[in-house]
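# Observations on chain architecture
The residues making up each chain are set out below.
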Amino acid sequence: MRRINGTALIIAALAATVGALAFPVWSYADRSGTGQANVAAGTVSTQWGPLTAQDRDLIVRVRLAGLWELPAGQQAMERPTSAAVKEAADHLIVGHTDLDKRVRIVAAQLGVELPNQPTEEQQGWLNEMTAASGEEYEYKFANLLRAAHGKIFPAIGAVRNSTRNTLVRQLASDANQTVLDHITVLEKTGRVDFDAIANAAANAATSSPSGPPAPVPGQLVPSAPPAEATGNVETTSQPSPGAPGTVNTKRPDPQDTAGVLR
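What you see is a predicted model; the values in this text were computed from it and never measured.

For the rest of this paragraph, the subject is the environment of Asp98. Take Asp98: it is sitting in helix α4 (residues 83-110). Considered as a pair, Asp98 and Asp174 are 76 residues apart in the sequence and their alpha carbons are 9.7 Å apart. Of the polar contacts made by the side chain of Asp98, one reaches the side chain of Arg102; its length is 2.8 Å.

This part is about the nonpolar core. Counting residues in hydrophobic clusters, the biggest one holds 21 residues, and the most contacted among them are Ile59, Leu110 and Ile156. Of all elements in the fold, only α3 (53-78), α4, α6 (134-162) and α7 (166-187) reach the threshold of two or more residues within this core. Per element, the largest residue contribution to this core is seven residues, and it comes from α7. In this structure Ile59 touches Val103, Val106, Ala107, Leu110, Val112, Leu114, Val168 and Leu171, once residues within four positions along its chain are discounted. Listed in part, the 18 residues of the second largest apolar core include Val85, Leu145, Val185 and Leu186.

To continue, consider the pattern of salt bridges. For the structure shown, the criterion picks out nine salt bridges. Between Arg63 and Asp100 there is a salt bridge; the shortest N-O distance is 2.9 Å. A residue pair is termed long-range when its members are at least 10 positions apart, and Arg63 in helix α3 and Asp100 in helix α4 qualify at 37 residues. The exposure class of Asp100 is buried, given its relative accessible area of 13%. One salt bridge in this structure joins Glu187 and Arg146, with 2.9 Å as the shortest N-O distance. Residue Glu187 is located in helix α7, and its partner Arg146 is located in helix α6; the two are separated by 41 residues in the primary sequence. One salt-bridge network, held together by shared partners, links Arg63, Asp100 and Arg104.

In this section: the packing of aromatic side chains. Per the stated rule, a full pass over the model turns up two aromatic pairs. Ring geometry for Trp68 against Trp125: centres 5.0 Å apart, planes inclined by 55 degrees, an arrangement best described as tilted. Of the two residues, Trp68 is situated in helix α3 and Trp125 in helix α5 (residues 120-131); the sequence distance between them amounts to 57 residues. Here the two residues Trp68 and Trp125 agree in accessibility, since each one is buried. Taking the centre distance of 6.3 Å and the plane angle of 25 degrees together, the rings of Tyr137 and Phe141 count as stacked. Taken together, the positions of Tyr137 and Phe141, both in helix α6 and four residues apart, correspond to about one turn of that helix. Here Tyr137 and Phe141 have matching classes, each one buried. Against the face of Tyr137 rests Arg79, its NZ or CZ located 4.5 Å from the ring centre.

Basis of the calculations
Residues numbered from 1 in each chain as written. Predicted model: local features only at pLDDT ≥ 70, side-chain atom pairs only at ≥ 80, totals over all residues. Heavy atoms only, no water. Helix = DSSP H or I, 4+ residues; strand = E, 2+ residues; numbered from the N terminus. Polar contact = N/O pair within 3.5 Å; in protein donor to acceptor, adjacent residues only side chain to side chain. Core = buried A, V, L, I, M, F, W, Y, C linked by side-chain atoms within 4.5 Å. Buried < 20%, exposed > 50% of the residue type's maximum accessible area, 1.4 Å probe, protein only. Contact = heavy atoms within 4.5 Å. Salt bridge = Lys/Arg side-chain N within 4 Å of Asp/Glu carboxyl O. Phe/Tyr/Trp six-rings, centres within 6.5 Å; stacked < 30°, edge-to-face > 60°. Lys NZ or Arg CZ within 6 Å of the ring centre and 35° of its normal.

Geometric values such as these leave the question of function open.
As structure tokens, this is what we get:
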């Protein structure tokens, strides 16, 4: 009888130990401080799907962008600036007037309170542009706005990827198109300092870069085969138009010999 009781005690102790080790694994997703718990803590239910803190942050940031970029665009239109700067300013005014209407509708439907003034940092950018003139003004206009658009661009993509709210997903899609358009026209001014942007991104990076090996000067690399459908596949959509001077990737019509390289 003593031997049986001793064995039972050992088995019970082992079971308790295994249970203690397994419990943190089973309960980890429910613990405060984890990603899942943090998302759940800031999420509210709506008829359009869950609304997270990240969703609400994007809504507010879209509103804030318009609050300082609209006056920035108007200022550039009223000053003696180049045609390229005026074109960028025009896009800023049109794009953010439209996007502001969209974000105010979404915010009202979801019950998100919006700011009515730009942030202190954004007001500082406006003050910098106001105090500048001539080439310095155009430089500040292009680079302050380009940097701001570059920072919100990945945030829009992150929300577009993860949101479960249909209104926020559509707003992210709209904002993505507007921001990309503004980045493009700001770069067309010829005033954007790409070295400064690259250095700022490098200073903000927290991990080592990855990717294929660096190219060796003078060494040719093999051409990659095309990635395309095989067989008799009928398609109707068109690829996105390329920038002027880029390679035309449209597949030539076999019957059209005019465009075939000789």
